[in-house]
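Breakdown of the fold
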Amino acid sequence: MTLWRAASNCLATKSNLCIKKVLNDNNCPLCGVFAETELHLLVSCQFAWACWEFSGFIAADSNPVSLLSWLSSNAARMDDEKLSRVVMLCWAIWSARNDLLWKNRARSVKSVVDFAQSSLHQFLKARAKQLTSAPRKPGDASEIWTKPTVGIKLNVDAALFVQELKHGYGCVIRNTDGDLVSVFAGAKQGKVSPEIAEAMGIREALSWLKNHNFSHATVESDSLVCVAAIRSNEKLNSGFGFIVEECKLILRSLLNVTLCFVNRSANRAAHYIARHSLSLAERIVIEIYGMCARFWWGGDNDFRKMHLGTWPHLCWHKSNGRMGFRNMFLFNQFPFAKQAGRLYDSLDSLVACVMKGFYYPHSSIVNVLEIKRASFLWKSVLYGAVIYGRKG
């Protein structure tokens, strides 16, 4: 509503109030130099333009003819998600102006941009929750896991690893006899919301179905928000909505595949796999890494330990003028690199001949590509080959 009034030149700016003989002063309260029009307040003002630059937007023109033309030029080259951020930032700038004018409270550029982003996130989250009120289908909200009557059943779940700044997913596939067909999991870098992590897990499950050509399948998830969003015809202009649209696209390409919501008690197997999607070795290394960092950088308000530099710099060798601390990631990876080096140097050994005949019969270990269905031993060797000289 605020932006519509601004584009229609009927927003209660000082210029409009002067025209109606309400005020005599039309100076912008944010810069105090130019007349406060809709275009100046939201675009041309130095404070407003600083907000656009801080938020990462490179607007079409800083000197447009009118606010409506500026909005039209940006709408023509932006997607719905970016356009929603533009609308919200305009509203945040107008709110900052009102706070300064009526409450005498000045706000920084960063606070305005953060306020716009948080408000947009809350709006999209509330909008997504409204989708959970969609009517449930038969088979939803099951308390216990049951065998599929036809085809296979995929149970999928996601997990967040806050300390490691990662998120993972896990999927368990079983047939009509309850026998295990397949299990897969994965972890990705980045801190995301639970809804996005769950949606990404469902997308991976649907992609697995598409690649394996099963004619009848049921996908079960314990995320009601994701299931309702994928079933809904409404399009969400957000990162979560983008993943949901990908799930819809894959689901439409599959035949006789249904998506159901189940309670956590019926999805325990997938939950267990998701919680262990981050490898045990990596979690142990990260824990040791954090213990070392806390030993040198720990403390509280009353006590502060030594701050000798950044942790990566302290792990450099002493010959480079650093402390030479152990980099636990490389320390864990180096034994596998030694094995990769032995396979490269000892071409006549029995292990090297077996590995070469099975994994790289027409090349060397430094050029071989990773194979998805390789053994754990071979994946460990490739993990160490990165240090040995191979780009993995």
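The coordinates are above.
Scope of this entry: the structure provided in the associated data block.

1. Considerations on helix 15 (residues 350-359)
Every buried residue of helix 15 is listed here: Ala352, Met355 and Tyr359. One side of helix 15 holds all its buried residues, which, seen down the axis, span an arc of 70°. Opposite its buried face, helix 15 presents the exposed residues Leu350, Val354, Gly357 and Phe358, each directed more than 90 degrees away.

2. Looking at the sheet that holds strand 1 (residues 152-161)
In spatial order, the strands read 3-2-1-4-5; together these five strands make up an open sheet with mixed pairing. Of all the strands in the sheet, the pair left with one neighbour each is strand 3 (180-189) and strand 5 (257-261). Strand-to-strand twist in this sheet, taken as the mean axis angle between neighbours without regard to direction, amounts to 20°. Two elements, strand 1 and strand 4 (residues 217-221), share five bridges in a ladder whose sense is parallel. For Val156, the partnering residue across the bridge sits in strand 4 and is Ser221. Running at roughly 140° to strand 5, helix 9 (residues 224-231) makes contact with strand 4 and strand 5 of the sheet.

3. Topic: the packing of aromatic side chains
In this structure the tally under the stated criterion is four aromatic pairs. Summarising the aromatic geometry, the rings of Trp91 and Phe115 are spaced 5.3 Å apart at their centres and angled 25° between planes, so their arrangement reads as stacked. Highlighted residues: Trp91 in helix 6 (residues 80-102) and Phe115 in helix 7 (residues 109-130), separated in sequence by 24 residues. Note on Phe184 and Trp208: the rings are 6.2 Å apart at their centroids and 15° apart in plane angle, and the pair reads as stacked. Placement of the pair is Phe184 in strand 3 and Trp208 in helix 8 (residues 194-212), with a sequence separation of 24 residues. The buried category is assigned to Trp208, whose relative accessible area is 11%.

4. Topic: the environment of Val86
Mapped onto the elements of the fold, Val86 is located in helix 6. Considering only alpha carbons, one finds Val86 and Asn74, 12 residues apart in sequence, at a separation of 8.9 Å. Residues in contact with Val86, not counting those within four places in the same chain, are Trp52, Phe57, Trp70 and Met78.

Calculation criteria
- Residues numbered from 1 in each chain as written.
- Predicted model: local features only at pLDDT ≥ 70, side-chain atom pairs only at ≥ 80, totals over all residues.
- Heavy atoms only, no water.
- Buried < 20%, exposed > 50% of the residue type's maximum accessible area, 1.4 Å probe, protein only.
- Helix = DSSP H or I, 4+ residues; strand = E, 2+ residues; numbered from the N terminus.
- Arc of directions from axis to C-beta.
- Pairing = 2+ DSSP bridges.
- Axes fitted to C-alpha atoms, helices over the stretch in contact; angles between N-to-C directions.
- Contact = heavy atoms within 4.5 Å.
- Phe/Tyr/Trp six-rings, centres within 6.5 Å; stacked < 30°, edge-to-face > 60°.

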